[in-house]
Amino acid sequence: MCIAVTFKLKTKKVNIVKKAFRSPASVSKKELLDNSGNTDKRFRQLIYDLSVAGSLLEVARKNLAQKLGVTPPQYNILMVIAQYQGKNGLRFTEVADHLHVTVSHVTNEVKKLEKSKWLNVVTSPIDKRARLAKINGSAETKIASLGNEQRGINNHLFRNLTKSNFEKVSVVMADLVNDFIETIDIIKSENK
């Protein structure tokens, strides 16, 4: 899009054609540019879509957390423990690894959940230095009662994913999360 500007300068007519502003590309990696290689519109739309999808997923998870009477971070921790605890419980480091958060964050939230009678925390019988968190009986009942609603929300959120696309997205997202974490670590270290 061009804008023509005409003005008079000492009886002489001058035409100046000003090009519309074009934002610089936000990425230079060839694979992320549009087919022509001149724009990054599709990449930018991916960023917008990821941002919106993440925000909307958080809204859905916040709703489920509220139904249990816990915070969203506590909900995430409870779901990971419930899924992976086995019969002995789950190490705090394993919870942190699944959620890509620090062990100190998990430790703080687990203390609150233990105080609120959601979890039991015990010393690992295998490694006396490790602490294991396990969902207790009353919490199991509450989490199980949320199952139908959780399934309904997740089925609707991901209703358009085929099995093949689900498998691809799972792999891609795992890689992206690792790349994002590494990038943010670099940014943080540069800002110090």
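Numbering of residues begins from 1 in every chain and follows the order in which that chain's sequence is written. Predicted model: local features are reported for residues with pLDDT of at least 70 only, side-chain atom pairs are reported and counted for 80 or more only, and whole-chain, interface and lining totals are derived from all residues. Computation of side-chain values: all heavy atoms of the structure, hydrogens and water removed.

## Section: the overall build of the chain
To keep it simple, the criterion reads: A helix here means a DSSP run of H or I that spans at least four residues, while a strand means a run of E at least two residues long, and both kinds are numbered starting from the N terminus. In this setup the radius of gyration rests on C-alpha atoms only. A globule is expected at 2.2 Å times the number of residues raised to 0.38. Exposure classes here rest on a 1.4 Å probe applied to the protein chains alone. A residue is buried below 20% of its type maximum, exposed above 50%, and partly exposed in between. Contact between two residues is taken to exist if any of their heavy atoms lie within 4.5 Å; hydrogens are not considered. Charge assignment in this entry is limited to Lys and Arg as positive and Asp and Glu as negative, and neither His nor the chain termini are counted. Positions of charges follow a simple convention, taking NZ of Lys, CZ of Arg, CG of Asp or CD of Glu.
When helices and strands are counted, the chain shows 7 helices and 5 strands. Tracing the chain from N to C terminus, the helices and strands come up as β-β-α-α-β-α-α-β-β-α-α-α. Against the globule reference of 16 Å for 192 residues, the chain gives a C-alpha radius of gyration of 25 Å, more extended than a compact globule. With respect to the three principal axes, the spread of C-alpha positions in the chain is 90 × 40 × 35 Å. For the chain, with 192 residues in total, the buried portion stands at 22%. Sequence-distant contacts, at least 24 apart, represent 42% of the contacts inside the chain between residues at least 6 apart. Computed over 32 positive and 18 negative side-chain charges, the inter-centroid distance for the chain is 9 Å.

## Things to note about the nonpolar core
Filter applied, for reference: Definition used in this section: a nonpolar core is a set of buried Ala, Val, Leu, Ile, Met, Phe, Trp, Tyr and Cys residues joined via side-chain atoms within 4.5 Å.
Within the largest apolar cluster, 27 residues are counted, with the highest numbers of intra-cluster contacts made by L78, W118 and L119. Looking at this core, the elements that each hand over two or more residues are α1 (41-68), α2 (72-84), α3 (92-99), α4 (103-115), β4 (119-123), β5 (131-135) and α5 (137-145). Among the elements that take part in this core, α2 stands out by supplying 6 residues, more than any other. Apart from residues no more than four positions distant in its own chain, L78 is found in contact with V70, L113, W118, L119, I135 and I143.

## Things to note about α4
Since one α-helical turn is 3.6 residues long, residues separated by three or four positions face the same way. Rule in force here: To estimate the expected span of a helix, subtract one from its residue number and multiply by 1.5 Å. Taken from the helix axis, the directions to the C-beta atoms give the arc we talk about.
For α4, with 13 residues, the first-to-last C-alpha span of 18 Å sits near the 18 Å given by 1.5 Å per residue. What α4 keeps buried is the set V106, E109, V110 and L113. End-on view of α4: buried residues confined to an arc of 105°, all on one side of the axis. Summarising the geometry of α4, the exposed residues directed more than 90 degrees from the buried face are K111 and K115. Buried residues belonging to α4 abut α2, α3, β4 and β5. Looking at the residues trailing α4, positive phi occurs at K117, about 70°.

## Here we look at the sheet that holds strand β3 (residues 90-91)
Cut-off, in case you're wondering: Any two strands are treated as partners once DSSP identifies two or more bridges connecting them. Only the stretch in contact is used when fitting a helix axis, every axis being a line fitted to C-alpha atoms; angles between N-to-C directions are given from 0 to 180 degrees.
Ordered by their spatial adjacency, 3 strands build an open sheet running β3-β5-β4, and the pairing between neighbours is antiparallel. Each edge of the open sheet carries a strand with a single partner, namely β3 and β4. Pairing between β4 and β5: 5 bridges, direction antiparallel. The residue of β5 that forms the bridge with V122 is L132. Along the sheet, α2 contacts β3, β4 and β5; its crossing angle with β5, the most-contacted strand, is approximately 90°.

## A word on the packing of α2 against α3
Applicable threshold: Small angles under 35 degrees read as roughly parallel and large ones over 145 as roughly antiparallel, with 65 to 115 read as roughly perpendicular and the rest as oblique. By the definition used in this description, the sense in which the near helix is turned from the far one sets the handedness, with an anticlockwise turn below a right angle giving left-handed and a clockwise turn giving right-handed.
One way to put it is that α2 packs onto α3 with a least axis distance of 10 Å and a crossing angle of 115°. Viewed along their axes, α2 and α3 adopt a mutual orientation that is roughly perpendicular. Crossing handedness for the pair α2 and α3: right-handed. Between α2 and α3, the contacting residues are N76, I77, V80, I81 and Y84 on the first element and V95, H98 and L99 on the second.

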